[in-house]
Every structure is written in C-alpha cells, then in structure tokens.
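Structural overview for review
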Amino acid sequence: MSYSELKGLYHLRETIGSGGFAKVKLAYHSLTGEKVAIKIMDKRSLGEDLPRVKTEIAAMQDLCHQHICKLYQVIETADRFYMVLEYCPEGELFDYIVAKDKLEEEEAKIFFRQIVAAVGYIHNKGYAHRDLKPENLLLDEDQNLKLIDFGLCAKPRGGMENVLYTCCGSPAYAAPELISGREYLGAEADIWSMGILLYALLCGYLPFDDENIPQLYKKIQSGKYETPWWLSQDSKELISAMLQLDPKRRVTINQLVTHPWLMEAIDMPVEWNSKYKRKVDDDCITELAVHYGKSRQEMEADVQEWKFDYLTATYFLLLEKKMKGRPVRLIQQQ
Ligand SMILES: O=C(Nc1ccc2c(c1)CNCC2)c1ccc(F)cc1
C-alpha cells in the first residue's frame, strides 16, 4: 500500500492494531517527531458502517480532554478515511485487567476517577458514549486512560434530557432499559455501563455473563449479581448505586464525583474540566509563525479555524511537547 496522502506529513511505521473495519498504524509526525496512531479505513469495506465513522469524527473534533484520545487530523480521500490519533502504547485496559487478573482497590480507584472525568466531560458537552467497556479505554505511556471509539455515541437533539432509542453497544455492558427496547436516556445508560466496568476492574470478571445472549439479557433484567468476598463495603455500595435496574434510581454523574469510595484517600472530588485552555498557547503560535513565515496574528487566526488539517495536528502535537516539558520546537525540514 502506498498511503501517498501521508507522504511528507507522517512517517508510517508498523501496524499496531487491526479491528473490524480499521487498521491502526504507528507513525511519526514529521514536523514535531511525535508519535501518533493513524486509523485507516477503506470506504468500500466500511459499507453500512460509514455513518459510524462520520459520527466518530464529528464527536472527536468537538472533544478535547486529558482522558479522551485526541483526534489531531482527518484526511478523507476518494476511497479512504485517515484519523490521526493520540498514541496510546500501553494498549487496552481490557488486556491490563486480564494480565493482572483483577486490580487492587486503590489502582481501580485511580482508573475509575479518570473514567468518571471523561464521561462527566462528554455528558456535559451533550454526548452519550453508549459503548463504554475496557476495550475502549486505552493506556498512554504514563498509564493514563484515554477513551476511544465514539462511533456509537449520540448527541441527542435538544440536549441530554431527550430520549434515545437505538439499541447498541456490547450486550454485557448494556443497560436493562436499552436491551428491553424501551426509550432511554444516554447518560443513564452510560452510568450502568460504568457500573459493569467498575465491577470488572475490581473482580476481573463480569457481573452478568452468558454466551447465550437471551440468557444474558434475562440475567441483566433480573438485576441480580454476586459480589466476591474481597470487595469493600464502599465499593459494593457504589456498584449497587450504578447497577440500579430503575434508571431513575441510578446514581447520576454529578453524585458520582463526590462519592465516598471515589473520594476516599484522595479527598478531592473528581474534576471533569478539560486541562486544555480555550485560548491558544503563545509559545506554540510563535514557533508555528516562525516556521511558516507568518505574523503571530495570522498564525493564531489560521490555527483557530480548527480545520483538523496538518496545521491542527502540528499545533496539538507542539502543545503535547510543551505539556511534557519537551522543547516547543519544530524540526526544520531541509
Ligand atoms: O496508539 C494506539 N495503539 C497502540 C499504540 C502502540 C502500541 C500498541 C497499541 C500495542 N502495543 C504495541 C505498541 C491507538 C490509539 C488510538 C486508537 F484509536 C487506537 C489505537
């Protein structure tokens, strides 16, 4: 394959993942030398999944948060989509849990606080993820979680108080109201999935499981699950508050951020604000202006168009370098 559209912009390396309709390759962004993950999708093989890609791109262009995998650039050609994404080399949280069998409470707490921050942020922006599971949480090189796969997310018209109907996501993580075909609120269904997620982090297996889907649905709709002896009272209480069959009795994201189990030993509520500022970073603008031979005003105006072109990617990757204490410098091309 040539991937000629990336020539000069990114140096492509090995394939690091290949899912259903996408291949993910490691690449180096040529102007900063920073590593990125490029998700490559062939339009023909996408078939009816094409709308999912458009949904994901639109959502990720609107989301900018330390626990959401950053979209840097989108390249669309006649027969392909390329999504240039934040590099998450430690792989999926799913594999991390499997490798450790289950997590100690304090480690699970750190991860779960990051998940609550990410979900609180997207709900605040009017999005429901609808496919929350450990496979969709990646670890970056500092073991921070990054939420991915917004292909099934929903931004209900008129706000999160408006109901949704589409039954989607992974059965074992799906809320009872969602699998019963009733209308549901995206935020409440996400909270249920987070309850399943927390149970999986602490126990290393799922509260409702059955390879026969109708049997699995019966178990979910019964709302009955076992809790192993090693769970603390507080963690059992939190899981129970999230796995309430009646979505109106379920804990809300606003109540979650100050829940005792999440606050214990950390004594700070979960902060879901993005660490990214609205205002563009002056050092990055200066370096870009010098490189492109433009005034700072022009450069700032160009960047703030947020076209998710190579300039958007270069700006965000320069900002990443600054946040990691590396020099805010572009590689001078010969
Ligand atoms: O960076 C990603 N995956 C990645 C990167 C490096 C390595 C892996 C995955 C797996 N282990 C080897 C190193 C990645 C990032 C975003 C995404 F949507 C999908 C995958």
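Here, every reference points to the structure presented above.
Residues numbered from 1 in each chain as written. Predicted model: local features only at pLDDT ≥ 70, side-chain atom pairs only at ≥ 80, totals over all residues. Heavy atoms only, no water.

1. Some details on the overall build of the protein chain
- When its secondary structure is counted, the protein chain shows 13 helices and seven strands.
- The C-alpha radius of gyration of the protein chain comes to 21 Å, within 12% of the 20 Å expected for a compact globule of 334 residues.
- Along the first, second and third principal axes, the C-alpha set of the protein chain runs to 65 × 50 × 40 Å.
- When each of the 334 residues of the protein chain is scored for burial, the buried share is 52%.
- Taking the contacts inside the protein chain whose residues are at least 6 apart along the sequence as the reference set, 64% of them involve residues at least 24 apart.
- Entry remark: accessible area of the protein chain is about 15700 Å², with carbon and sulfur atoms responsible for 51%. (Helix = DSSP H or I, 4+ residues; strand = E, 2+ residues; numbered from the N terminus. Rg over C-alpha atoms; globule rule 2.2 N^0.38 Å. Buried < 20%, exposed > 50% of the residue type's maximum accessible area, 1.4 Å probe, protein only. Contact = heavy atoms within 4.5 Å. Areas by Shrake-Rupley, 256 points an atom, 1.4 Å probe, with all protein chains shown as cover.)

2. Points about helix 2 (residues 50–62)
- An ideal rise of 1.5 Å per residue puts 18 Å on 13 residues; helix 2 measures up with 19 Å between its terminal C-alpha atoms.
- Three or more residues of helix 2 are buried, namely Val53, Glu56, Ile57, Ala59 and Met60.
- Residues of helix 2 that are buried sit in contact with strand 3 (35–42), helix 1 (43–46), strand 4 (71–76) and strand 5 (80–86). (Expected span 1.5 Å × (residues − 1).)

3. Details of the sheet that holds strand 2 (residues 22–29)
- Read from one edge to the other, the open sheet built from five strands follows the order 1-2-3-5-4, with strand pairing classed as antiparallel. Edge positions in the sheet fall to strand 1 (10–18) and strand 4, since each of these pairs with one other strand and no more. Mean inter-strand twist for the sheet, computed between neighbouring axes without regard to direction, equals 25°.
- Inspection of the sheet shows strand 3 paired to strand 5 by seven bridges, in the antiparallel sense. Bridge pairing in strand 5 places Ala37 opposite Leu85.
- Helix-sheet contacts for helix 2 involve strand 3, strand 4 and strand 5, and the interaxial angle to strand 5 is about 35°.
- Contacts from helix 13 (residues 310–323) reach strand 1, strand 2, strand 3, strand 4 and strand 5 within the one sheet, and its direction differs from that of strand 4 by about 160°. (Pairing = 2+ DSSP bridges. Axes fitted to C-alpha atoms, helices over the stretch in contact; angles between N-to-C directions.)

4. Points about the pairing of strand 1
- Two elements, strand 1 and strand 2, share six bridges in a ladder whose sense is antiparallel. Counterpart to Thr15 in the pairing with strand 2 is Lys25.
- Counted along the chain from strand 1 to the antiparallel partner strand 2, the turn is three residues long.

5. Regarding the layout of surface pockets
- By volume, the largest pocket is sized at about 790 Å³.
- Taken together, 30 residues form the lining of the largest pocket, with Val24, Lys39, Glu92, Leu138 and Ile148 sitting closest to its centre.
- Breaking the lining of the largest pocket down by element, the ones donating at least two residues are strand 1, strand 2, strand 3, helix 2 and strand 5.
- Element by element, the count of residues in the lining of the largest pocket is highest for helix 2, at four residues.
- Classifying every residue of the lining of the largest pocket by side-chain character gives 14 nonpolar, seven polar and nine charged. (1 Å grid on protein atoms, 1.4 Å probe; cavity = no way out; pocket = protein on both sides within 12 Å on 5 of 7 lines; lining within 4 Å. Points joined across faces, edges and corners; volume = space filled by probe spheres on them. Nonpolar A, V, L, I, M, F, W, Y, C, P; charged D, E, K, R; others polar.)

6. As for helix 6 (residues 186–203)
- Here helix 6 contains 18 residues, and its C-alpha end-to-end distance of 26 Å stays within 8% of the 26 Å for a straight helix at 1.5 Å per residue.
- Counting buried positions along helix 6 yields 17 of 18 residues, so the element is predominantly enclosed.
- Gly204 sits one or two residues past helix 6 and shows a positive phi near 85°.

7. Some details on the site of the ligand
- Surveying the vicinity of the ligand reveals the residues Ile16, Val24, Ala37, Cys69, Leu85, Glu86, Tyr87, Cys88, Pro89, Leu138 and Ile148.
- Contact between the ligand and Cys88: an oxygen atom at 2.7 Å from a main-chain N or O atom of the residue.
- The pocket occupied by the ligand, as judged from atoms lying within 2 Å of grid points, is the largest pocket.
- When the residues that make up the shell around the ligand are grouped by side-chain class, the tally is ten nonpolar, no polar and one charged. (Near = heavy atom within 4 Å. Polar contact = N/O pair within 3.5 Å; in protein donor to acceptor, adjacent residues only side chain to side chain. Sits in = over half its atoms within 2 Å of the grid points.)

8. Overview of the pattern of salt bridges
- By the definition in use, this model includes 23 salt bridges.
- With a closest N to O distance of 2.8 Å, Glu56 and Lys39 form a salt bridge. A residue pair is termed long-range when its members are at least 10 positions apart, and Glu56 in helix 2 and Lys39 in strand 3 qualify at 17 residues. The same class applies to Glu56 as to Lys39, namely buried.
- With a closest N to O distance of 2.5 Å, Lys294 and Asp302 form a salt bridge.
- Residue Asp302 is classed as partly exposed on the basis of its relative accessible area of 22%. (Salt bridge = Lys/Arg side-chain N within 4 Å of Asp/Glu carboxyl O.)

9. Notes on the environment of Asp62
- Here Asp62 is to be found in helix 2.
- Note on Asp62: relative accessible area 26%, which makes it partly exposed.
- Measuring from C-alpha to C-alpha, the distance between Asp62 and Tyr292 comes to 26 Å, with 230 residues separating the pair along the chain.
- Setting aside residues up to four positions removed in sequence, Asp62 forms contacts with Tyr121, Lys125, Tyr127 and Lys155.
- Side chain to side chain, Asp62 and Tyr127 meet in a polar contact 2.6 Å long.

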